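Chain and residue survey
Listed here are the chains, written in short residue letters.
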Amino acid sequence: MPEGGVSRARTRSSRCAGFQFSAAAGPLPDAVLDRVQRELRDCRGNGASVLALPFTSKAFRDLAAEAVAYLRALLAIPDGYRVLFMQGGASAQFAAVPLNLLHGRSTASYVDTGHWSAKAIAEARRYCTVNVVASSAASGYDRVPDSARWMMDAGAAYCHIISNETAHGLQYRSTPDSGDVPLVADMTSDFLTRPLEIARFGLIYAGAQKNMGIAGLTVVIVREDLLGRAHPCTPSVLDYGVQVKHSSLYNTPPTFAIYLAGLVFEWLHAQGGLATIAESNRRKSARIYAAIERSEGFYRCPVQPQWRSQVNVCFRLANETLTPTFLEAAQCAGLFQLAGHPSAGGVRASLYNAMPEQGAEALAHFMEAFAARNA
Ligand code: PMP
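Here's what I pulled together on the structure shown here.

Here is what the cut-offs are and how they apply
Residues numbered from 1 in each chain as written. Predicted model: local features only at pLDDT ≥ 70, side-chain atom pairs only at ≥ 80, totals over all residues. Heavy atoms only, no water. Helix = DSSP H or I, 4+ residues; strand = E, 2+ residues; numbered from the N terminus. Rg over C-alpha atoms; globule rule 2.2 N^0.38 Å. Buried < 20%, exposed > 50% of the residue type's maximum accessible area, 1.4 Å probe, protein only. Contact = heavy atoms within 4.5 Å. Lys, Arg positive; Asp, Glu negative; His and termini not counted. Charge placed at Lys NZ, Arg CZ, Asp CG, Glu CD. Near = heavy atom within 4 Å. Polar contact = N/O pair within 3.5 Å; in protein donor to acceptor, adjacent residues only side chain to side chain. Areas by Shrake-Rupley, 256 points an atom, 1.4 Å probe, with all protein chains shown as cover. Nonpolar A, V, L, I, M, F, W, Y, C, P; charged D, E, K, R; others polar. Pairing = 2+ DSSP bridges. Axes fitted to C-alpha atoms, helices over the stretch in contact; angles between N-to-C directions. Expected span 1.5 Å × (residues − 1). Phe/Tyr/Trp six-rings, centres within 6.5 Å; stacked < 30°, edge-to-face > 60°.

Observations regarding the overall build of the protein chain
- When helices and strands are tallied, the protein chain shows nine helices and 15 strands.
- Taking 2.2 N^0.38 as the reference for a compact globule, 375 residues should give roughly 21 Å; the C-alpha atoms of the protein chain span a radius of gyration of 21 Å, in line with that estimate.
- For the protein chain, buried positions account for 57% of its 375 residues.
- In the protein chain, the proportion of contacts linking residues at least 24 apart, taken out of those at least 6 apart, comes to 67%.
- Averaging the locations of the 35 positively and 31 negatively charged side chains of the protein chain gives two centres separated by 3 Å.

Here is the structure:
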């Protein structure tokens, strides 16, 4: 374990130390925060605060290039793929994807697995005909639809999935096969939580605020053959070809968020890389799911076991009227931000990369004690 450990999920409040389980933004590793503190006033001998580095300076370009190099190494990104740093969140990518990838075609395929799929579909409908090739809406988003049964459209420009549905807590276990149609994945909530075979994808995008640092940065990994044919109305900042040409510096980028992502990539590398991180994430989620299963119905997870997310564990109390009491008692025990997404309700524990295993253990322990007291 490198200096500082992993526990910035542990927050300090006037009442008690604790862990924050928010789905919206992940914690940052202690080691990363310590480094930021050291470099805040003078970033690596450049005589300027990292907050004030001009994006045009060599110092910033070096930081950005280092971040890309770490990311390429972590994911073993093959030649033929470009890494872009963009803005506007994953929501901007909901538009950028059709604008860049339709290439004159009129249809795109989307798999509907819940809240974020619906958002991506609604935005894409502004630009093309969306074919929803599979949906788990009928079963209350309790699974990822079996890819062998997707009604694939060979003429689609691309096939879009949400690799992890943050609101409903379901996650693809493996990469689905979309045949010759380029696979596009929104990985905002599970990017860098496990190894990936990049060559299976045409394009991947992810907002940084859950597993890579702070809001303001979106990472895009795109296969080169998909570049350079954006619709003429595409805003330049959303045009992947333009961004590639300018090494993501077409306009002022979110410099601090890029610097921070670079530090997180370096930290992930020091942890042993994505295989090690994935193992830790598996253990964290397994601990919470075990507490649910062992509760004899006091808690229940609406998602089928094989599709349960390892990063957003969603569950409900059988007696739903106890949910506010559960959330309040959890907060008093230093377990923060556990309310479910407004569209799903219930409880949601987000276990992003920088959540230490002690955090999952503390929550499981609390759940067991709460069930014992209220059964
Ligand atoms: N996709 C997924 C899977 C998400 O979880 C989120 C945010 N929670 C978004 C897209 C939207 O991200 P942003 O608010 O950064 O646009």
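Picking up where we left off.
Points about the site of the ligand
- Taken together, Gly89, Ala90, Ser91, Phe94, Trp116, Ile162, Asn164, Thr166, Asp186, Thr188, Gln209 and Lys210 make up all the residues around the ligand.
- The contact in question runs from an oxygen atom of the ligand to an N or O atom on the backbone of Ala90, over 3.3 Å.
- One of the side-chain nitrogen or oxygen atoms of Thr166 is found 2.5 Å away from an oxygen atom of the ligand.
- Within the complex, 83% of the 400 Å² of free accessible area of the ligand lies under protein.
- The element contributing the most residues to the shell around the ligand is helix H3 (residues 89-101), with four residues.
- Classifying every residue of the shell around the ligand by side-chain character gives four nonpolar, six polar and two charged.

With respect to the sheet that holds strand E9 (residues 183-186)
- Sheet architecture is open: seven strands sit in the order E3-E11-E10-E9-E6-E4-E5, paired in mixed fashion. The sheet is open, and its two borders are formed by strand E3 (81-86) and strand E5 (129-135), each paired with just one other strand. With strand direction ignored, the average angle separating the axes of adjacent strands in the sheet is 20°.
- Here two bridges tie strand E4 (residues 107-112) to strand E6 (residues 159-162), and the two strands are oriented parallel to one another. From the neighbouring strand, Ser109 faces E6, where its bridge partner is Cys159.
- Contacts from H3 reach E3, E4, E9, strand E10 (203-207) and strand E11 (218-223) within the one sheet, and its direction differs from that of E10 by about 160°.
- Contacts from helix H4 (residues 115-124) reach E4, E5 and E6, with the element oriented near 165° to E4.

Some words on H3
- Taking 1.5 Å of rise per residue, 13 residues should cover 18 Å, and H3 covers 18 Å from first to last C-alpha, within 8% of that figure.
- Most of H3 sits inside the fold, with 11 of its 13 residues counted as buried.
- Along H3, the residues classified as buried are Ala90, Ala92, Gln93, Phe94, Ala95, Ala96, Val97, Pro98, Leu99, Asn100 and Leu101.
- Directly beyond the C-terminal end of H3, a positive phi value near 50° is found at His103.

Here we look at the packing of aromatic side chains
- All told, the structure shown has 12 aromatic pairs when counted by the stated rule.
- Measuring from centroid to centroid gives 6.1 Å for Phe298 and Phe370, while their planes differ by 65°, and the two rings are edge-to-face. Taken together, the positions of Phe298 in the loop between helix H7 (274-293) and strand E12 (299-300) and Phe370 in helix H9 (residues 357-374) put the pair 72 residues apart, joining distant regions of the chain. A single burial state applies to Phe298 and to Phe370, both of which are buried.

That's the geometry; what it means functionally is another story.
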